[in-house]
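This is what each chain is made of:
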Amino acid sequence: MATYGANRKADDTINSLKGKKPVKILFVCLGNICRSPAAEGVLRSIVDSRGDSDAWVIDSAGTYGGHAGDMPDRRMRVHAQHRGYDLTHRSRKFRESDFDDFDLIIPMDSSNECDLHDLAPTPEAEAKIVPMMRFVTLATRYDHVPDPYYEGAEGFELVLDLLEDGCANLYITLNRG
């Protein structure tokens with residue numbers, strides 16, 4: 001039953017943002033050097049290619065601050081660049097004020113989702129947390145965007161596959177007004 005309630009809250013949050021301009025999206029992973037900056041770059045590319053960049057604010061952060069100020073992982077930048085994405089984000093730690101600054105906070109996995117729920121100061125802030133896999137429609141054995149940090153090239157390619165699908169669906173969903 002808890003899942004149904006969480007899905008209902010996610011539906012309500014998503015529906016409240018349809019057609020909103022600007023819509024403010026924050027992607028979150030652990031270190032903000034692989035998955036979340038890649039999601040930021042993928043969605044930014046989608047938005048820019050449609051001439052819609054004024055209608056979106058896109059950023060990323062990590063629940064762990066140990067990489068603050070660092071560029072995304074070199075391997076993620078290389079794999080992303082092969083697909084036409086330029087990842088220039090500098091890592092930063094998630095701040096409680098991000099709940100005020102963003103409309104939708106999108107964690108990459110359940111661990112970061114739990115951390116965000118723990119940090120949420122209000123039920124309204126907590127309602128902004130919607131997992132990335134909510135937007136992924138690819139047939140996959142994953143229920144999260146896996147961390148590629150300790151994986152080989154296949155791990156980075158898998159993450160980009162999932163993020164391309166999820167970000168395209170996120171864009172389409174929020175533009176239905």
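Because the structure is predicted, anything quoted here is derived from the model rather than measured. (Residues numbered from 1 in each chain as written. Predicted model: local features only at pLDDT ≥ 70, side-chain atom pairs only at ≥ 80, totals over all residues. Heavy atoms only, no water.)

**Focus: the state of the cysteines**
Every disulfide links exactly two cysteines, by a covalent bond between their sulfur atoms. Tallied over the entire structure, the rule returns zero disulfides. With no disulfide of its own, C29 has C34 as its nearest cysteine by sulfur position, at a separation of 6.8 Å. (Disulfide = S-S within 2.5 Å.)

**Let's talk about the packing of helix α3 (residues 74–82) against helix α7 (residues 153–175)**
With their axes 10 Å apart at the nearest point, α3 and α7 run at an angle of 60° to one another. Considered as vectors, α3 and α7 are oriented oblique to each other. Between α3 and α7 lies a crossing of right-handed hand. In this structure, α3 uses R75, M76, H79 and A80 to contact α7, whose residues at the interface are A153, F156, E157, V159 and L160. (Axes fitted to C-alpha atoms, helices over the stretch in contact; angles between N-to-C directions. Helix = DSSP H or I, 4+ residues; strand = E, 2+ residues; numbered from the N terminus. Parallel < 35°, antiparallel > 145°, perpendicular 65-115°, else oblique. Left-handed = near helix turned anticlockwise from the far one by under 90°. Contact = heavy atoms within 4.5 Å.)

**Remarks on the pattern of salt bridges**
Counted by the stated rule, this structure contains 14 salt bridges. Here K20 ties to D103 by a salt bridge, and the two come within 3.2 Å at their closest N and O atoms. Taken together, the residues span a long stretch of sequence, with K20 in the loop between α1 (2–17) and β1 (23–29) and D103 in the loop between α4 (98–101) and β3 (104–107) at a distance of 83 residues. The partner of R83 in a salt bridge is E157, and the shortest N-O contact between them spans 2.5 Å. Of this pair, R83 sits in the loop between α3 and α4 while E157 sits in helix α7, placing them 74 residues apart in sequence. Overall, R83 belongs to the partly exposed group, its relative accessible area being 25%. Note on E157: relative accessible area 28%, which makes it partly exposed. What you see here is one network of salt bridges that share partners, running through D59, R92, R95 and D98. (Salt bridge = Lys/Arg side-chain N within 4 Å of Asp/Glu carboxyl O. Buried < 20%, exposed > 50% of the residue type's maximum accessible area, 1.4 Å probe, protein only.)

Honestly, that's just the spatial picture; any functional story needs more than this.
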